[in-house]
Amino acid sequence: MSKLRRTTGLGVLIILVVLALYRHYGYTPADLVDTEESGEDDSVSVHFYEEEKVEIVAHSNSKQEESTSSQEESTTTVPLPQDTLKNRCSHSKGIHDNGADLQVSDLVESLEFRSENPETGHYPGLKPLPTSEELTVFLVPHSHCDPGWLLQYEEYYEQNVRHILTNFYQFAMQHDDFKYIYAEVSFFKLWWEEQKEKVREDMGRLAREGRFEFVQGGWVQNDEANTHYFAILNQMLDGHQWLNTNFPDAKPRAGWAIDPFGLSPFMAQVNKLFGLDAMHIQRVHYTVKKHLAESRQLEFKWRQSWDSSGETDILTELGAFSGYNSQSTCGPEPDVCYQYHFAAFTNPKFRPHRLLHKTSPLNLKERSLKILDQWRKKAALHSANAVFIELGFDFSYVIKGDLDSVYDNYKPLMEYINNSTELNTQVKWGTVSDYFDHIKNKPDKFPTLSGDFFTYADRFDHYWSGYFTTRPFNKNLDRVLESSLRRTEILFSLQRAREDVKKKKEDVKKKKEDVEKLTRARNTLSLFQHHDGITGTAKPRVVDDYGSRLFKAYKACDELSAAAIRHIMADSGTDLNPIRIRAAFKELEKFRVLEKEVELVVVSTIPRRTAAAQVIAVQAHLNLEVVGNRGEVIPQQVEPDIEYGKLNPKSKLITFWTELPSVSINTFRLKNTEQVKTKTTAKMYTFGEKSVSPTCQDIVLGQNKLVIKLDCKSGRLKTIEKRGKTVDVNQEVIMYPSALSGAYLFLPTGDPTQLLTDSTRADIVLVKGSLRDRAMVTLKYQESTIVLTYTVYHHQGSESEYLDLEIMSDLKNNGDLAIRLKTDIKSGDSIYTDLNGHTIQHHKYKSKLKTQGNFFPMPSTAFIQDSSTRLSLLGSEPHGVASLSEGWIEVIIDRRSKHDDGRGLGEGIQDNIPTPAHLRILVEARSETQARGEGYRVENPSIVSHWTLQTLLHPAFLLSRPLSKQTLPASVQLMKPLPCDEELVNLRYVDNQTCQLIRRKLGFTCDIDVSNNCDYQDTAIEELFTNDVTVTLEDHPFSPFHHKNDSNKSDLKAMEFSSEYVTFRN
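All figures in this text were calculated on a predicted structure; none of them were measured in a lab.

Caption draft 1: Representation of the pairing of strand β22 (residues 683-687) in the model. Of all five residues in β22, five are buried, a share of seventy percent or more. The side-chain alternation of β22 yields two buried faces, one formed by K683, Y685 and F687 and the other by M684 and T686. Sheet topology note: the β22/strand β29 (residues 763-768) ladder contains five bridges and is antiparallel. Bridging from a neighbouring strand, F687 pairs with I764 of β29.

Caption draft 2: Geometry of the pattern of salt bridges. This model, assessed by the stated rule, comprises 61 salt bridges. In this structure, the salt-bridge partner of D458 is R903, at a minimum N-O distance of 2.9 Å. With D458 in the loop between β12 (448-450) and α18 (472-497) and R903 in the loop between β40 (888-896) and β41 (915-925), this residue pair connects regions lying 445 residues apart in the sequence. Take D458 and R903: they sit in the same class, and that class is buried. Across the pair R1000 and E983 runs a salt bridge whose closest N-O atoms are separated by 2.8 Å.

Caption draft 3: Geometry of the packing of helix α8 (residues 185-194) against helix α9 (residues 197-208). It is the contact of α8 with α9, at a shortest axis distance of 8 Å, that shows an interaxial angle of 130°. The orientation of α8 relative to α9 falls into the category oblique. Judged by residue contacts, F188, W191, W192 and E193 of α8 engage V199, R200 and M203 from α9. Per-class residue counts for the contact of α8 with α9 are five nonpolar, no polar and two charged.

Caption draft 4: Quick peek at the sheet that holds β12. With mixed pairing, the six strands of this open sheet are ordered in space as β2-β12-β8-β9-β7-β6. Either end of the sheet is taken by a strand with one partner, and the two such strands are β2 (102-103) and β6 (254-257). As judged from the four bridges shared by β6 and strand β7 (residues 278-281), these two strands associate in the parallel manner. Its bridge partner being in β7, W256 is matched across the sheet by H280. The strands touched by helix α11 (residues 265-273) are β6, β7, β8 (299-303) and β9 (314-318); relative to β9, the strand with the most contacts, the crossing angle is about 130°.

Caption draft 5: Representation of the nonpolar core. Grouped together as the largest cluster of nonpolar side chains are 124 residues, with contacts concentrated most on L139, F188, M203, F212, W375 and Y410. Apart from residues no more than four positions distant in its own chain, Y410 is found in contact with L139, Y340, F342, W375, L391 and W429. In this structure, M735, I786, V792 and I864 belong to the second largest nonpolar core, which totals 50 residues.

Caption draft 6: Summary view of the sheet that holds strand β39 (residues 879-882). Read from one edge to the other, the open sheet built from six strands follows the order β28-β27-β33-β40-β39-β36, with strand pairing classed as antiparallel. The open sheet has two edge strands, β28 (753-754) and β36 (856-858), and neither has a second partner. Here six bridges tie strand β27 (residues 731-736) to strand β33 (residues 815-822), and the two strands are oriented antiparallel to one another. Opposite Y736, over in β33, you have D816 as the bridge partner.

Caption draft 7: Up close: α8. Counting buried positions along α8 yields seven of ten residues, so the element is predominantly enclosed. Of all the positions in α8, only V185, S186, F187, F188, K189, W191 and W192 are classed as buried.

Caption draft 8: Spatial organisation of helix α12 (residues 286-294). All of the buried residues along α12 are Y286, T287, V288, K289, L292 and A293. Count one or two residues on from α12 and you reach R296, which has phi positive near 55°.

Caption draft 9: Region of the structure containing the packing of α8 against helix α10 (residues 229-246). At a closest axis distance of 10 Å, the pairing of α8 and α10 adopts a crossing angle of 30°. Taken together, the axis directions place α8 and α10 in an arrangement best described as roughly parallel. Where α8 crosses over α10, the handedness of that crossing is left-handed. Contact with α8, carried on its side by V185, F188, K189 and W192, involves G239, W242, L243 and N246 of α10 and no other residues of that element. Within the contact of α8 with α10, the residues separate by chemical class into five nonpolar, two polar and one charged.

Thresholds, definitions, all that
- Every chain begins its residue count from 1, and numbering advances along the sequence as written.
- The predicted origin of the model limits local features to residues at a pLDDT of at least 70 and limits the giving and counting of side-chain atom pairs to 80 or more, whereas totals for whole chains, interfaces and linings rest on all residues.
- Working from all heavy atoms in the structure, the side-chain values ignore hydrogens and water.
- For each residue, the accessible area found with a 1.4 Å probe, counting protein chains only, is set against the maximum for its type, and the residue is called buried under 20%, exposed over 50%, and partly exposed in between.
- Secondary structure elements are taken from DSSP: a helix is a run of H or I of four residues or more, a strand is a run of E of two residues or more, and numbering for both begins at the N terminus.
- Strand pairing is assigned whenever DSSP detects at least two bridges linking the two strands.
- Salt bridges, as used here, are contacts in which a Lys or Arg side-chain nitrogen is within 4 Å of a carboxyl oxygen on Asp or Glu.
- Only C-alpha atoms enter the line fits that serve as axes; for helices the fit covers just the stretch in contact. Angles between N-to-C directions range over 0 to 180 degrees.
- Roughly parallel means an angle under 35 degrees; roughly antiparallel means over 145; roughly perpendicular covers 65 to 115; every other angle is labelled oblique.
- The criterion used for residue contact is that any of the two residues' heavy atoms lie within 4.5 Å.
- Here the term charged refers only to Asp, Glu, Lys and Arg, the term nonpolar to Ala, Val, Leu, Ile, Met, Phe, Trp, Tyr, Cys and Pro, and the term polar to all other amino acids, Gly among them.
- Each nonpolar core is a collection of buried residues, namely Ala, Val, Leu, Ile, Met, Phe, Trp, Tyr and Cys, held together in the definition by side-chain atoms within 4.5 Å.
- Each crossing gets its hand from how the near helix is turned against the far one by less than a right angle, where anticlockwise is left-handed and clockwise is right-handed.

And the structure:
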């Protein structure tokens, strides 16, 4: 605690700044006294201390109370009948067990986790498959190419991938029996665009003959821990659509995930959606892998946890050994496999094994029997009497002679084994689909398996849970781009719906440029989903390259969105600018301060009516207010401009209340107000060490529905009271020591340091108003700064359901910074986390594992619960999360380390950027729990939790335009509401006036009240769009390689996605 420094100087600075603000506002001390004595704000519960009280009295329009009342009357929504909504969630009540033969969670509970290093050897004493049993061996040449890691994306292409793909092609053209596979469309596109028509035709022939196979078909081989389903679907669509357009003979059939650091069952669902028949995976905890191998269960049908019918099953093979390279995959003895790493003859980056010899007539028999022994030992771990051997590694076959060396040395071995009938083995060049086609027809039934494969460890207690949080700035920017791209896709498609098909030549050119800009933004987001992109596990200059690309794509999306809005609203102007701006890649998003009267445009892409507060910044000396497009009163409050813990004395914030129809563009006006008739107040108080007595009262935020209490000295969160029920929270801010941690690994070397306790004296700024209350708590730890901003909304709607917590970290000291809530919820040893924003996975704390092994990825959601209460954390970016004791839940916010964790990066993490993490804390009462009993494997978020997360990830888009003679419509609704339990994933532009409508049916729990009102109607998809456009509809699969859609759009079930092509006609 001695390292914790107070920032009491901030309180003095704020006092001086606020005095300056008084001059801007034009208030006198008499004004302040009169306002306070008027009692107009006596309904607000405020605890403050006279010695340090500083007050800003701000204003709103004169009919605040009247407008609030009338607005509540005018926003009556159509209630969804509770019985109807309960029927829709009933699937989550009834799934006690989905019938899978293997449950990963049960398997993990039963295993003894010993600290081992499997890379030194696998399965000692393993006996080979008897020669009485026939064996088929497929040799599969491949090259794993990372689109960014130690080098940048284009650098890897220029220095490696161009040569790899050319060498593969030329070699295959010279050897009719040779086959190979490739995975990354992002690289292949660059190579394809350089090739002449003759090469393209040859490649088509190789694909048709089965001698070249594109596996997975995604833009990249995506990470599976941090990624959100929107971005995963986007990168798969990018890859498959490019292949279908440019290389239609290369239809992907098999999934391929050899390098992601832990595996999510959602990818099995995605592969099934895209028409893949089977999939190969690799990185699973070595203890789990060893158990599956020794029980010959490396082949299984992966089933979704919520599926009890088996419709989602997909044949999956897990690699038996620790690596995916030639040196690791031939069998259980790496020392032997290295002796057959023939590329080391020609490639200087490999050190030849002392026993590496070229195949010759003199050693042919001995060498053949030696490698066959490894293959048969590997086959003894598999169930189908067939194995495939990966021949390759990272960026293999860059040198032209590498393939010759591999082929010329393996060919005699293959011929010897094939011609020796007593060996009962056939060896052939093959692809992944060749292997799966072979084993699919085996009579033995493959077991079904359900569950995820997190958290991954490759040896000892080295758990890869650090990358769940590493480099959070880019992780945050990823989610910002996802939201921007989704919004742009929707607006762009709806803009095309209103276009005149008979366009001028210059309009056609502009449209082509816009489509190219949109495509580049898609591809940028897809590229970053790479398992060394969003994970934060690349070199700093590569990280910066990713970030620069994300920033440019974000800017392009804003430009395309603004253009689409102008077109849809028939706006003849050209000046439509976002309210929130980001000047450069490494700068934080901030308000663009408005300097005069303007028209405000607010865009919602949520497919239901939403009620929310919007915030703008204006110059501090101006008297401005927000009104409706026709001059109607809008509830609002004015408050100091404090963001990320810093007060801007030259501006102030106006927070105003909006109710937005589903998928709509809405307009408001910011206008001068000459006379303020009443003052509904937003007041600011500061708390410093001198002003706080030892017996001070708690700071209270909120009123009525949601009330939170903060410790008046430290500012830590103590309790959350919602609808009369109080949950003790007892927040801590902690720092784990990280002497051994790196970009991949989280290896704490002791108990965490407490940064926020009752004895802490933090600087606290409190702002209380009619629409929202905010408290900003600033902590100093050595050279690091942490700012916690708590916000509670007062108005009716989903915003008043949760506590908004922003954690701004400027981390300059080594360690892992975390927020821990120590609640009184009797959660036992359980925590529930989401997988890719789609499904919920149940985890139990395991005392047999170290701390790092009990952390799991939280792409967006985590919760703990008991029989009466659930507490959920909803995040705007991915984090690592854990529950290390009953009632605890903690999230890693940022991390820094000078240590290299030995996984190839060669350095630690020292390039931290000040980063905001945005969490929403939702407390909900549970019911019907007793009827459900214990042991249910499927839990789901509540419907309110889903809605809360949607608005967090996809907030309204605010822009401004100069006032002009042209009056824009007050509101243009572009789509009718979807049912409450459906989500508009995307309205992805395809071509001309056709777009791809992607919907998701939510799975939600019945244990939490489902009687909340919302716009609800089962609208036919053909009638989903508003009356000014007409559509034709076609069921369409996700992958353009397939022509049938197995899902029925009218019978979309919970947890399912649907895809339809919508063509607009005007």
